[in-house]
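# Structure at a glance
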Amino acid sequence: GQQCAGLAPTSRFDLGGDGRMDLVFTGQDRLGVLRLQANGSFAAPQFVAIENLLLGRPDVGPWAADGGAAAVVTQAFIEGDPPQRNVVLRVPLAADGAPGVPEPILGSDVNRRGVVVLPVPGGDPWLVEVLRTPDEVRFARYDPATNTLGAAATLPLPSGSLFRVTTRTADLDGDGDDDLVLLTQAGVALFRQTPAGLVAAGAPLGPCKDDVDVGDLDGDGHLDLVVGAHVNNDTGRQCASDRPGDGGLSVLWGDGDFGFEAQAIGGLSYNVTVDDMDGDGLDDIVHTGAEPVAQVGLYTSLPGRRFAPFLGRRVEDPVNATTTLDLDGDGVLDVAMNRDGQDPQTFEDRRGFLLWKRASPITQRLEAGGRVARVIPPGGSADIDLSGERRYVEQIGLSLQLQAAAPVDPARVTVRLTPPGGNRVGVPGMAASGDRLHLHAADIDRAGWIPNGPWRINVVNGSDAPVTVTEARVILVAGWQRALP
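Residues numbered from 1 in each chain as written. Predicted model: local features only at pLDDT ≥ 70, side-chain atom pairs only at ≥ 80, totals over all residues. Heavy atoms only, no water.

## Focus: the overall build of the protein chain
In terms of helices and strands, the protein chain carries zero helices and 43 strands. Counting the 485 residues in the protein chain, one finds 54% classified as buried. Of the roughly 19200 Å² of accessible surface on the protein chain, a fraction of 49% belongs to carbon and sulfur atoms. (Helix = DSSP H or I, 4+ residues; strand = E, 2+ residues; numbered from the N terminus. Buried < 20%, exposed > 50% of the residue type's maximum accessible area, 1.4 Å probe, protein only. Areas by Shrake-Rupley, 256 points an atom, 1.4 Å probe, with all protein chains shown as cover.)

Structural data, given as structure tokens:
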């Protein structure tokens, strides 16, 4: 049935205040917590039993009575006379990850499909219920200190549009308040947060999609939506179409005021996760799919709303959910995957919990650590050497930050890159914003084993003003390495 189908995505939250993101996830009849340790591994999972727990991403935030962390989840069914359905619970989470005793927030409601907590900066959050018969959202202020709700209001949804509840919260219009993204069979429904609650932001953006995440993929300061559709015969999917005409994976480019422009990427997906995987300031797409083979991989965002070719890794079983987090504190995001080879609801892997790690970038911040920033006079050039070790590379990226004495034509500042043991290649794409110059290139053509030695960046200043190189960063993307047995 619906209560047991679909994804079991996780939430990230720093429970211990140590700067490390821990994982909170729903399982079969229990809520689980994985605490990330200093050595990059997870402590033994801790669980609290909740019979008939509705699977989905738990809302984790400062929702406990004392202001500490808590997860808000839904218990689908409780035996009794009469039985209770879809009871909303709060589960306190201790700093060591131990889940506490579940506490009811809302009682039984057969029409409740799920809930989401919408944060309010400096105030009590909104608790939003997704309902059917009729299809609507109901929202009210939630006071964690007293575990009570204020007066509720409702907004309609397209009739018959709900199969399961998939949501994201993010500030889509830049006003400082998170807004609500809700997937329906009619498309992506958007709700703007206001001081009085929620307001529908236009009609749903079709067609139907099964998963969504949010990030700034083009660096324009406005959040974009990445949506995916499940493969056929996936009993947890929301959409009726086995193979959408747009291939399933799409980006909706945001304008900062709830306007979106769709661009199809292709590829049927189990889920999508958006984060800056290569450290270039542009969010990227971690994408999982099952056709033609089960795989997980990366679409790296490039300037101009482009993407580098898909970099994929075949896995034994389809991936149910992915989560990005920095496992070892090196500043590089890693990927945790929950596969069909695991118990898909508990992260207990019969072949070992699967983690994949991307190689670290080589970075030289020339203005930091006692280094002298490189000033290049008009007509001059400079070589910047970044030391590197032997590794296998599938994609190479380059990121430069420069400061000019006055606004200059970026086309007159040229860059070339020489890998260890390789030939020098030109790297186009220099852009300007006032007197600042920047270059982000992620599709430099070089693959294979790279020997030990320096990566040489040659910058030629053909402009009429001095320019200063303040940061040079070589980004090496290889197949993710297995981080834990």
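Now that the structure is up, let's keep going.
## Looking at the packing of aromatic side chains
Describing an aromatic ring pair means giving the distance of the ring centres and the angle of the ring planes. By the definition in use, this model includes four aromatic pairs. Plain terms: the ring middles of F25 and F47 are 6.1 Å apart, the flat faces sit at 85° to each other, and that makes the pair edge-to-face. A residue pair is termed long-range when its members are at least 10 positions apart, and F25 in strand β2 (residues 22–27) and F47 in strand β4 (residues 46–49) qualify at 22 residues. Here the aromatic residues W253, Y299 and F307 are joined through ring pairs into a cluster of three or more. Above the face of the F47 ring, R30 is positioned so that its terminal group lies 3.8 Å from the ring centre. (Phe/Tyr/Trp six-rings, centres within 6.5 Å; stacked < 30°, edge-to-face > 60°. Lys NZ or Arg CZ within 6 Å of the ring centre and 35° of its normal.)

## Considerations on the sheet that holds β4
Spatially, four strands are ordered β1-β2-β3-β4 in an open sheet, and the strand pairing comes out antiparallel. The open sheet has two free edges, formed respectively by β1 (10–13) and β4, since each of these has just one partner strand. Each strand axis lies, on average, 20° off the axis of its neighbour in the sheet, ignoring direction. Alignment of strand β3 (residues 30–34) against β4, held across four bridges, turns out to be antiparallel. Paired with G32 across the two strands is F47, which belongs to β4. (Pairing = 2+ DSSP bridges. Axes fitted to C-alpha atoms, helices over the stretch in contact; angles between N-to-C directions.)

## With respect to the sheet that holds strand β37 (residues 425–426)
Within a sheet, adjacent strands bond to each other through the backbone by hydrogen bonds, running parallel or antiparallel. Across the sheet, four strands lie side by side as β33-β41-β36-β37; this open sheet has antiparallel pairing. Bordering the open sheet on either side are β33 (381–388) and β37, each of which pairs with just one other strand.

## Some words on the nonpolar core
Core analysis: the biggest nonpolar cluster contains 30 residues, and L398, L400, L402, V415, I457 and V459 have the highest contact counts within it. Contributions of two or more residues to this core are made by β33, β35 (395–404), β36 (413–418), β39 (436–444), β41 (453–461) and β42 (467–477). For L402, the residues in contact, after removing those within four places along its chain, are V413, M430, D435, R436, L437, V459, V467, T468, V469 and T470. (Core = buried A, V, L, I, M, F, W, Y, C linked by side-chain atoms within 4.5 Å. Contact = heavy atoms within 4.5 Å.)

## What about the pattern of salt bridges?
The tally for this structure, following the rule as stated, stands at 17 salt bridges. Between R12 and D275 there is a salt bridge, with the nearest N and O atoms lying 3.4 Å from each other. Separated by 263 residues along the polypeptide, R12 in strand β1 and D275 in strand β22 (residues 271–275) bring together distant segments of the chain. Assessed through its relative accessible area of 39%, R12 is described here as partly exposed. (Salt bridge = Lys/Arg side-chain N within 4 Å of Asp/Glu carboxyl O.)

## Things to note about unusual backbone geometry
The peptide bond linking D81 to P82 adopts the cis configuration, its omega dihedral lying at 0°. With respect to the helices and strands, P82 occurs in the loop between β6 (70–78) and β7 (84–92). In the segment running from T133 into P134, the intervening peptide bond is cis, with an omega of 0°. Residue placement: P134 occurs in the loop between β10 (123–131) and β11 (136–143).

## Describing the environment of V474
Tracing the backbone through its elements, the reader meets V474 in strand β42. Given the relative accessible area of 0%, V474 is considered buried. Each C-alpha atom, one on V474 and one on P419, is 9.9 Å from the other, the two residues being 55 residues apart in sequence.

## Considerations on the pairing of strand β16 (residues 187–194)
Where burial is concerned, most of β16 is hidden: six out of the eight residues are buried. The hairpin turn running from strand β15 (residues 179–184) into β16, its antiparallel successor, is two residues long. Note: β16 against strand β17 (residues 197–200), four bridges, orientation antiparallel. Counted as the bridge partner of Q193 is L198 from β17.

## Details of the side chain of S250
With respect to the helices and strands, S250 occurs in strand β20 (residues 250–254). Since its relative accessible area comes to 4%, S250 is described here as buried. In this structure, S250 is in contact with K209, L225, V226, V227, Q263, A264 and I265, ignoring residues within four places of it in sequence.

## Description of the pairing of strand β9 (residues 112–120)
Summarising burial for β9: eight of the nine residues are buried, a large majority. Here β9 runs beside β10; their pairing, made up of seven bridges, is antiparallel. Counted as the bridge partner of G114 is V130 from β10. Hairpin connection from β9 to β10: two residues lie between these consecutive antiparallel strands, with G122 at a positive phi of about 75°.

## Details of the confidence of the model for the protein chain
Here the protein chain shows a mean pLDDT of 82. Residues at 70 or above account for 79%. Strand β12 (residues 148–149) holds the highest mean pLDDT among the elements of the protein chain, 98, whereas strand β43 (residues 481–482) holds the lowest, 44. Low pLDDT, under 50, characterises residues 1–7; the predicted model gives this stretch 20 contacts beyond four residues in sequence or across chains. (pLDDT = per-residue confidence, 0-100.)

## Some details on the environment of A294
Relative to the elements of secondary structure, A294 occurs in the loop between β23 (284–289) and β24 (295–299). The buried category is assigned to A294, whose relative accessible area is 12%. Through-space distance from the C-alpha of A294 to that of G312 is 9.8 Å; in sequence the pair is 18 residues apart.

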